[in-house]
Amino acid sequence: MEISTAAHNLTDTNSANQENPGLNQDLPSLSLEETIEKILGSFGWSQFIQAILVAILGFFDAQQTFINIFADADPKWHCNFNTTCNPSSNICQLPKGAWSWDESSHKTIISEWGLECASSFITGLPASSFFVGNLIGGFSLATLGDFYFGRKNLLFLSCLIMCFASLITAFSMNIWMYSSLRLLSGFGRASITTCTLILLSERVGKKWRGQVGTMTFILFSLGLLCLPAVAYLNKGSSWKFLYLWTSIPAILYCIIAYFFVYESPRWLFTEGRDIEAKAILRKLASIEGNSLDSYLSSIHLGQEISKVNPYKLMKDLFKRRWALQRIIATMVFGFGIGLVFFGLLFGVRNLGFNIYLGVILNASMLIPTNLVTLFFIARWRRKGSLLALCVISGICSIICGVVGSGTEGIRIGFELASFFCAALAYNVMMIFVVELFPTSVRNSATTLVRQAVVFGSVFDPVLTSAGKRSKFLSFGTFGLTIFLCTFIVIILPETRGKNLCNTMDEQERMDHKIV
């Protein structure tokens, strides 16, 4: 209804412009992107509220991504009286009556389903299934955000799939049902970060693009920071309640917020839906009056982007040498960051720290990383920042892996430093990827890079399991991987302060001008 009203007002304005051509006679000839930049260049309250509404989805995303840390944890146990058991015994070699769980047997899936002696493959299956679902969902949903569903519809559909699957997970009867539902939840989650970041970036001017894009990381951090608190409050209850407390609020929010969030006007223009795009631009505009009317009416001057076959665009992404080079380089880089970022979080349980405190300390590192990104992203050159951050992260992770026992304080210090740099590099990388590709394939390209990040995380359950025997097998591998993957960023162009392009041809022309 609001869009229809705005479109009607826009029609009246256009009629007035035809009767009074002097309204546009002093307006210079601008490209579509330049016109949008003039309309959205400053950051108004409407843009801020829209950014908050979208970024909140990152809060729920974080909780579903890392919920396995608590739901699948190995509970503590103790020896019963009048037995030959001792705390250093192998629990699998003791008779059932010789020991008991410290808390309720329903606390985690390990104690409820008697998996304390199961293989690392079985106990790690749910977490791995979630990330495998991410991979499947990413490749299945990658093009929908660019061609059919759009940013908004795909974002909310993905979030609802993730949360409904999580809700049903609370009723799992065994490890196989549980792992299958985690895979489905991961499938839905695949597009959330990508769509959130792109939707945020495409509804503001280039001056605010980096800062607004950082909002999704800030809400993601808050979601992760709150997860240990929710898990601690649920400490005496079943793991099933943890899924209920995190999924139900997310489902309610998605249903309500959907009706208040606007679609990306840039994407609407690529689909030829210019009336809807202009109506949304009017709502988001940071300028008013005749200037706004002039810019909106000037878009009629042949600036709209014609609709192109989606499969041709995907083919172009791999056929054009510059695009192929960028997608391969960013995917290699994303793999390294994904392995370290998720690996450090899952590996914190191997450092001898309280699991709640360990996750809180790491989650707390995300707050300053996001604030640093928010205030300094506009000043930082993307390539130099990524190189420096990843080299430091790699070195700290390697040191964490070689430091001996009895130095837990030093080890957690280097682990936190490595995680801080990896998280900051992840933020910069995602903004960098958005700036590297045009609107027509931006969602697909960003999703592919996200897939590389997720692919790296698939190996983390195995590495963290091996890390129980040797810290270097986990933390050393994390550090070497990100250190080696980082140098491929050298072949990518710098994007700081550059305009976002809408088509592959436009991107190519702009790159040639820069060269």
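Chemist: Where do I start with empty space enclosed by the protein in this structure?
Modeler: A probe matching the size of a water molecule, rolled over the atoms, marks out where space remains unfilled. Summed over the entire model, instances satisfying the criterion amount to two cavities of 30 Å³ or more. Approximately 150 Å³ is the volume found for the largest cavity. Surrounding the largest cavity, 18 residues form its lining, Phe 217, Phe 220, Phe 341, Tyr 426 and Asn 427 being those nearest its centre. Those elements that place two or more of their residues in the lining of the largest cavity are α4 (57–66), α11 (192–201), α12 (206–233), α18 (321–347), α19 (355–376) and α21 (408–436). As a volume, the second largest cavity reaches approximately 40 Å³. Gln 47, Gln 50, Ala 51, Leu 200, Arg 203, Val 204, Val 212 and Leu 284 together form the lining of the second largest cavity. The element that contributes the greatest number of residues to the lining of the second largest cavity is helix α3 (residues 45–55), accounting for three residues. In the lining of the second largest cavity, the residues fall into five nonpolar, two polar and one charged.

Chemist: For this particular structure, what's the right way to read the state of the cysteines?
Modeler: Working definition: the covalent bond between the sulfur atoms of two cysteines is a disulfide. Going through the model one piece at a time under the given rule, you end up with one disulfide. Covalent S-S linkage joins Cys 92 and Cys 117, the inter-sulfur distance amounting to 2.1 Å. An S-S torsion of about -120° defines the bridge between Cys 92 and Cys 117 as left-handed. Separated by 25 residues along the polypeptide, Cys 92 in the loop between β1 (77–79) and β2 (99–101) and Cys 117 in the loop between α6 (109–112) and α7 (120–141) bring together distant segments of the chain. For Cys 117, a relative accessible area of 43% corresponds to the partly exposed category. The closest cysteine sulfur to the non-disulfide-bonded Cys 159 is located on Cys 254, 3.1 Å from its own sulfur.

Conventions used here
- Residues numbered from 1 in each chain as written.
- Predicted model: local features only at pLDDT ≥ 70, side-chain atom pairs only at ≥ 80, totals over all residues.
- Heavy atoms only, no water.
- 1 Å grid on protein atoms, 1.4 Å probe; cavity = no way out; pocket = protein on both sides within 12 Å on 5 of 7 lines; lining within 4 Å.
- Points joined across faces, edges and corners; volume = space filled by probe spheres on them.
- Helix = DSSP H or I, 4+ residues; strand = E, 2+ residues; numbered from the N terminus.
- Nonpolar A, V, L, I, M, F, W, Y, C, P; charged D, E, K, R; others polar.
- Disulfide = S-S within 2.5 Å.
- Buried < 20%, exposed > 50% of the residue type's maximum accessible area, 1.4 Å probe, protein only.

These figures capture arrangement, not role.
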